[in-house]
Structures are given as structure tokens and as C-alpha cells.
Amino acid sequence: MNSEILVSVVIPTYNAEKFIKDCIEATIRQSYRNIEIIVVDDGSSDSTLEICKTYADRDDRIRVYTHSNAGVSATRNRGIRHAKGDFIVFFDADDYPEDDIIQRYMEANEQWKNKHVAMIVCGMYVDNLYNKNGGSIERTLESAHGYIRGENYLLGRSSAATLSWLELFNFVTNKLYDSRVIKNNSIAFDDDIKIGEDLKFNLDYLDKRDGFIGMINSPLYHYVKRTDSSLSISYHDGDIEDTKEIYRRLVTWEATQESATEDNVLIVKRIYITDWVRRLTAFYVMYHKGEYRALVKQKLRDELRSSEFQTILTEVYRAKKISSIRYFSLKIGSFEIFFLLRGIYQIIKG
């Protein structure tokens with residue numbers, strides 16, 4: 001392994017005083033030492049910036065920047081501009097990496113130095129902190145399909161469908177990127193959208209970088225869930241259209257990859273329907289009461305009864321990738337019925 005390769009770690013922060021220490025300390029502890037740690041504070045109003053500066057005083061590999069609040073995409077983009085490394089990784093301030101994540105990236109990069117690898121992906125832990133009985137879930141390639149935990153695999157690009165299904169593709173925090181590809185092609189996070197910016201970045205990157213997807217089949221990054229996402233649904237103007245736009249692109253992208261199968265495309269369409277409904281749910285929760293109730297009801301009806309929604313819904317149902325209850329509750333085009341059944345299911349699930 002070539003220890004002279006510099007890896008840039010970009011960490012955007014915003015009001016993260018309660019957990020930024022865990023992220024920075026885990027980054028400082030990395031067994032691969034040749035890293036630079038670029039912390040960009042997005043106008044925090046708490047003590048986040050002061051905490052980061054304290055760590056920078058202790059470790060000369062850390063550089064801290066700050067600007068007025070502009071959102072996570074603009075903050076990551078500033079980190080990219082300051083990055084000097086051969087490779088770039090992104091960590092989020094409320095998550096943290098395993099101590100050997102970068103070393104494992106570098107070992108895999110050495111292993112595949114004579115192969116054409118576009119990006120390297122690792123598995124993830126999903127740490128459930130909002131439920132004391134929740135524990136952690138590991139997301140890796142499944143042993144039922146012949147994959148071994150801890151092994152490295154070269155995957156064809158059509159495997160993005162499988163990685164998406166396992167919720168490993170859409171993130172940027174579990175990947176190693178070639179900084180030359182990013183900078184030479186002016187690839188950046190789109191700060192005009194609030195939904196799907198990570199996925200868009202990955203597709204923009206892969207459009208400029210051919211080759212395999214390298215997979216380290218070990219969970220090396222902790223994605224920390226601090227609230228129950230089913231109870232903390234948020235909606236921003238444009239989320240529904242942004243979701244449709246990015247998934248249309250992913251479906252088209254997947255279908256054009258070498259060795260892509262019909263099943264690969266249907267998997268992506270199943271994820272598309274799931275996220276589309278998630279955005280509709282957020283929209284409904286925020287606006288279904290009060291003076292906009294009638295307009296919201298019409299908007300939801302139009303979405304569910306659109307030819308695009310109904311066509312994809314039918315395709316994934318015929319492929320047995322969606323339950324009958326979910327299918328029929330959406331097929332009739334009444335969001336209120338779907339939302340009621342959703343609530344009953346969550347109560348039963350406990």
C-alpha cells in the first residue's frame with residue numbers, strides 16, 4: 001500500500017456541537033495517517049466552530065473554514081475546492097467512520113491498481129439511537145447471494161441497482177472518489193435541490209468516470225439515526241419534482257449499463273416508487289390541514305393517478321417487488337386511504 005497517497009476528508013458541519021467530537025476524533029484516529037481533514041462550518045449558531053478550531057490547534061492535518069449558512073451542498077463544494085488530496089471522502093458531522101475505513105480504501109485501491117475502477121464503496125452500519133432497543137443494522141452485500149463479509153469485490157456498474165436496494169449507492173459518505181475526476185470535470189453538489197443531491201453527485205461522477213464499482217464488503221461507516229424518520233418527515237418546495245427527476249435519470253442510467261437486466265431496472269423503479277410516495281407523504285403531512293386542504297388533495301390525486309406513477313406501480317407489482325396491500329392502496333389513487341393503512345401498519349409494527 002502506497003502511504004504517500006494523500007486522502008482529503010471533507011466534513012461539513014452545522015450546529016453539531018453534541019456530536020462533532022465523535023466524528024472528528026474517529027477521523028483523527030484513522031490508521032492511515034496521510035490525510036488532510038477539511039472541516040467547513042455552515043454558519044453554526046452553537047459552539048461547533050469553536051470545537052473544530054480546538055481540534056485544529058491540536059492536529060495540523062485539520063483545516064477549518066466557515067461561511068454564512070448556505071446548506072450542506074454548498075458547504076461540501078467549498079471543501080472540495082480546498083482539497084489537495086489524490087482522493088476525496090466525505091463524512092457527515094453527525095456520523096462517524098470506523099478507524100480503518102481509509103486504510104481499507106487504500107488497500108482496495110492497491111489491490112485493483114491494474115483494474116479500471118470508477119469508485120470504491122464500503123458497507124455501512126445504521127445506528128438507531130432514537131430507540132434504545134433498536135441497535136445497529138449492517139448494510140453489506142448479502143451472504144444469501146454468495147457474498148462474504150470482509151471480502152472485496154469488483155462489481156459491474158449495473159450493480160448500482162443492488163447497491164441502491166441495500167441503501168449503499170445513494171450516499172456519498174461511504175465512497176472513495178478520485179479528486180482529479182471531480183475537479184477536472186467541475187463536478188459539484190447541486191445546491192438548488194434538497195432531495196437526492198448525493199445521488200445526483202454520484203451519477204454526475206460516474207458519467208465522467210467509466211470502470212467498475214469496487215465494493216469493500218465490510219461496514220466501515222456509521223450512519224447515525226437520531227430520530228425516527230417516520231415521525232420526522234419534512235418537505236421542501238420542489239421535493240416531489242426533484243425526486244422524480246433524479247430517479248428518472250437513475251432508471252435511464254441503469255438501463256444503459258452493460259449487463260443490466262430487466263430485474264435491475266425494476267429494482268430501481270421499486271425504489272423510485274418508494275421515494276416518490278415518501279415525498280408525497282411529507283407533502284401531505286405538512287399541508288393537508290387548513291386552507292390548502294383541497295389543493296393538496298387534488299395534487300396528491302394527480303400524482304397517484306398520473307400515467308407514470310400507475311405504469312411503474314403496475315410494473316413493480318407484477319414483478320412481485322411490492323406488497324399487494326401497498327399496491328392496491330396506491331392503485332385506487334386515494335392518498336388518504338394509503339396514509340390510513342400506513343398508520344395502521346406502523347402501529348402493528350410497534
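Rules of the game
Numbers given to residues run from 1 along each chain, matching the order in which its sequence is written. Given that this is a predicted model, residues contribute local features only at a pLDDT of at least 70 and side-chain atom pairs are listed and counted only at 80 or more, while totals for whole chains, interfaces and linings are drawn from all residues. Side-chain numbers here rest on the full set of heavy atoms in the structure, without hydrogens or water. A helix here means a DSSP run of H or I that spans at least four residues, while a strand means a run of E at least two residues long, and both kinds are numbered starting from the N terminus. In this description the radius of gyration comes from C-alpha coordinates, and the expected globular size is given by 2.2 Å times residues to the power 0.38. Where accessible areas are quoted, they stem from the Shrake-Rupley method and a 1.4 Å probe; at the residue level, only the protein chains shown are allowed to cover. Under the counting rule used here, the positive set is Lys and Arg, the negative set is Asp and Glu, and His together with the chain ends is not counted. All charge positions are set by atom: Lys at NZ, Arg at CZ, Asp at CG, Glu at CD. Expected span of a helix, by definition, is 1.5 Å for each gap between consecutive residues, and there is one gap fewer than residues. Only protein chains enter the accessibility calculation, which uses a 1.4 Å probe; a residue is then buried when its area is under 20% of its type maximum, exposed when over 50%, and partly exposed in between. We call two residues contacting when some pair of their heavy atoms lies within 4.5 Å. When a carboxyl oxygen of Asp or Glu is within 4 Å of a side-chain nitrogen of Lys or Arg, the pair counts as a salt bridge.

(A) Highlighting the overall build of the protein chain. Scanning the protein chain from terminus to terminus reveals 13 helices and 10 strands. A compact globule built from 350 residues should have a C-alpha radius of gyration of about 20 Å, and the protein chain, at 21 Å, falls within 12% of that. In terms of overall dimensions, the protein chain has C-alpha extents of about 60 × 50 × 40 Å along its principal axes. Here the protein chain has roughly 17100 Å² of accessible surface; of this, 48% comes from carbon and sulfur atoms. Charged side chains of the protein chain number 48 positive and 52 negative; the gap between the two group centres comes to 4 Å.

(B) Highlighting helix α11 (residues 307-318). For α11, with 12 residues, the first-to-last C-alpha span of 16 Å sits near the 16 Å given by 1.5 Å per residue. When we look at burial in α11, the residues that qualify are F309, Q310, I312, L313, T314 and V316. Elements that come into contact with the buried residues of α11 comprise α9 (262-287), α10 (293-304) and α12 (324-331). Where α11 terminates, the next one or two residues include K320, which has phi positive at roughly 60 degrees.

(C) Summary view of the pattern of salt bridges. By the definition in use, this model includes 21 salt bridges. Here K113 and E110 are joined by a salt bridge, their closest N and O atoms 3.1 Å apart. For E110, a relative accessible area of 29% puts it in the partly exposed group. Residue K299 pairs with E303 through a salt bridge whose shortest N-O separation is 2.8 Å. Taken as a pair, K299 and E303 lie in helix α10 at a separation of four residues, close to a single helical turn. For E303, a relative accessible area of 5% corresponds to the buried category. Three or more residues joined by partner-sharing salt bridges are found here, namely D190, K200, D204, D207 and R249.

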